[in-house]
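# Breakdown of the fold
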Amino acid sequence: MSVCEDVIKSNVLFSNGKILQGPEIADHAVGLLLTITRNIHYFIKNFNKKKMPRPVELNGKKCGIVGMGGVGMCLAERLKSFGMINTSISEDLVPLLTSIDKQYDSSKLIDLLPSFDVVICAAPFTKDTKKIFNEKCFKRMKNESIFINVSRGGLVDTNALIKNNLYKKFKGIGLDVVDPEPLPKNHILRKANNVVITEHIAGLSDNNRKRSYELIFQNIERYLKNKPILNLVDKQKGY
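Residues numbered from 1 in each chain as written. Predicted model: local features only at pLDDT ≥ 70, side-chain atom pairs only at ≥ 80, totals over all residues. Heavy atoms only, no water.

### A closer look at the packing of aromatic side chains
In this structure the tally under the stated criterion is 5 aromatic pairs. With a centroid separation of 4.7 Å and an interplanar angle of 35 degrees, the aromatic rings of Tyr42 and Phe47 are classed as tilted. Phe47 sits in the partly exposed class, given a relative accessible area of 23%. Ring geometry for Phe133 against Phe138: centres 6.3 Å apart, planes inclined by 25 degrees, an arrangement best described as stacked. Since its relative accessible area comes to 0%, Phe133 is described here as buried. Classification of Phe138 by relative accessible area gives buried; the value is 0%. Through a chain of ring-to-ring contacts, three or more aromatic side chains come together here, namely Phe133, Phe138, Phe147 and Phe170. Above the ring of Phe170, the side-chain terminus of Lys169 is found at 5.9 Å from the ring centroid. (Phe/Tyr/Trp six-rings, centres within 6.5 Å; stacked < 30°, edge-to-face > 60°. Buried < 20%, exposed > 50% of the residue type's maximum accessible area, 1.4 Å probe, protein only. Lys NZ or Arg CZ within 6 Å of the ring centre and 35° of its normal.)

Below is the structure:
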């Protein structure tokens with residue numbers, strides 16, 4: 001029996017930081033998105049101004065948010081303020097909020113991809129979501145669309161992105177997480193003009209530790225009083 005199987009079958013309770021990391025990771029995803037739509041990455045890379053595409057506005061653009069936990073919910077709220085049309089893709093039923101226009105589960109992802117101008121991955125990394133964004137998915141996405149991942153690198157098949165230069169079909173790709181992590185310094189995605197890579201920093205902020213400590217203190221107190229633990233991990237789901 002593996003260590004993972006031992007943990008799943010044990011009576012040990014685990015909690016995590018879901019919900020708590022929503023604000024800063026959503027902020028980072030929006031930052032990556034605006035960096036691409038406003039051509040900021042081209043200026044940073046000293047790209048030839050005459051060859052830059054025109055910036056695009058977010059108003060009226062269609063966004064698919066994959067994973068509607070704390071990050072996804074905060075993302076929908078932020079993107080709606082830009083006038084975007086948001087579709088949530090989640091295995092869980094999410095609240096019927098005005099920031100979310102349509103809801104589907106992951107079985108519809110491959111069919112929905114061609115309709116999105118922007119796809120943002122905020123899904124948990126589990127045995128079921130490993131490399132969920134593969135060659136088939138990337139080929140289905142429309143030309144000049146934008147792909148952003150702020151969850152875990154293992155959700156994306158990096159080799160699929162570079163196979164036959166598939167990454168070039170995108171207006172931009174924003175990655176806070178990669179697989180492998182970090183990418184080799186000479187990796188093709190590091191050199192690509194339409195790719196923005198940050199070093200797994202989306203979860204950091206001036207308030208994230210404060211929220212984490214508060215949750216720890218709350219859960220210790222709740223455990224001692226035999227109350228349900230907050231953010232309890234479902235060991236079968238993997239998050």
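### Some remarks on the sheet that holds strand E7 (residues 195-197)
With parallel pairing, the 7 strands of this open sheet are ordered in space as E3-E2-E1-E4-E5-E6-E7. Each of the sheet's edge strands pairs with one partner strand only, and the pair in question is strand E3 (102-104) and E7. Across the sheet, the mean angle from the axis of one strand to that of its neighbour is 15 degrees, orientation sign disregarded. The pairing of strand E2 (residues 85-89) with E3 spans 3 bridges and is classified as parallel. Following the sheet pairing, Ser88 is matched in E3 by Gln103. Sheet strands touched by helix H4 (residues 70-80): strand E1 (62-66), E2 and strand E4 (118-121). Its angle to E1, the strand with the most contacts, is close to 170 degrees. (Pairing = 2+ DSSP bridges. Helix = DSSP H or I, 4+ residues; strand = E, 2+ residues; numbered from the N terminus. Axes fitted to C-alpha atoms, helices over the stretch in contact; angles between N-to-C directions. Contact = heavy atoms within 4.5 Å.)

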